[in-house]
Amino acid sequence: MKKIKICHLYGNLLNTYGDVGNVMAYAHEARKNGYEVEIDTVSIGDFFDWEKYNFVFFGGGQDYEQRIVQSDLLEKKLNIKKYIENNGVFLAICGGYQLLGQYYYDAYNKKINGLNIFNHYTVNQENGKRFTGPVKIKDCNSGKIYEGFENHGGVTYLSENQNEFGTVIDGNGNNGTDKTEGFRYKNTIGTYLHGPLLARNEELCKDLLKLSIENVNDN
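Residues numbered from 1 in each chain as written. Predicted model: local features only at pLDDT ≥ 70, side-chain atom pairs only at ≥ 80, totals over all residues. Heavy atoms only, no water.

Per an unreviewed UniProt entry, the chain carries the name Lipid II isoglutaminyl synthase (glutamine-hydrolyzing) subunit GatD and comes from Anaerococcus martiniensis. Under Subunit (unreviewed entry), UniProt gives the following word-for-word description of the chain: "Forms a heterodimer with MurT." (UniProt positions renumbered as here; feature names shortened; annotations may be inferred.)

K.L.:
What's the story with the UniProt feature "binding site: substrate" (unreviewed entry) in the chain in this structure? I'm lost.
P.N.:
In the UniProt entry, the feature "binding site: substrate" (unreviewed entry) is given for Arg130. Along the chain, the position of arginine 130 falls in the loop between β7 (121–124) and β8 (131–139). Setting aside chain neighbours within four positions, we find arginine 130 in contact with Tyr17, Gln125, Asn151, His152 and Gly153. A polar contact is formed between the side chain of arginine 130 and the side chain of asparagine 151, at a distance of 2.8 Å. (Helix = DSSP H or I, 4+ residues; strand = E, 2+ residues; numbered from the N terminus. Contact = heavy atoms within 4.5 Å. Polar contact = N/O pair within 3.5 Å; in protein donor to acceptor, adjacent residues only side chain to side chain.)

K.L.:
Would you mind going over the layout of surface pockets with me for this structure?
P.N.:
To locate leftover empty space, one rolls a probe as large as a water molecule over the atoms. Estimates place the volume of the largest pocket at around 420 Å³. Lining the largest pocket are 24 residues; nearest its centre among them are Asp63, Arg130, His152, Gly153 and Gly154. Breaking the lining of the largest pocket down by element, the ones donating at least two residues are α2 (63–75), α4 (95–99), β5 (103–105), β7 and β9 (145–152). A per-class count over the lining of the largest pocket returns 5 nonpolar, 15 polar and 4 charged. (1 Å grid on protein atoms, 1.4 Å probe; cavity = no way out; pocket = protein on both sides within 12 Å on 5 of 7 lines; lining within 4 Å. Points joined across faces, edges and corners; volume = space filled by probe spheres on them. Nonpolar A, V, L, I, M, F, W, Y, C, P; charged D, E, K, R; others polar.)

Here it is, written out as structure tokens:
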């Protein structure tokens, strides 16, 4: 039996809004397709072996937890970038999405540097406002519709060379103004959609698993 290997980055620290459900949904879909599943939590002090995994999930947490992982995350930057550039399937939600970019600001308006693998950046909304509520988007690649729940005080702006994950139908998305939601690069997706995203959107879960299986077969 072939095996799908899943990495949950900082799963013991970054798991707001039950986003571990993305790992559970992905693993369930893999088992349905006849694959044995191995799930590793790679956290502070652990080595991230970029050649080992078929799917990586990077969720978000409160500012305190995200500050804790920041310095450790920088030590993993090179291998995370190798994984992404070699078409690894990578899903980053909320804080994980922000940390892949240049920087974001915490609740006290302190600048927190990200990995700077991608050029998006995040600033705070004025007067402590947050984007909360249901969100619906149209996948820019497939045209499929996804639904989720957003809850973020950050306002994210993509660079000119970044492609959005989806176009906002209902809700706010990245910043509430340009109708972009998240970003996509190769097999990497960053998004604000909680839900968990893969549990609520089975077609996306199937699509990501298909990409992972193609990589398994290629190797």
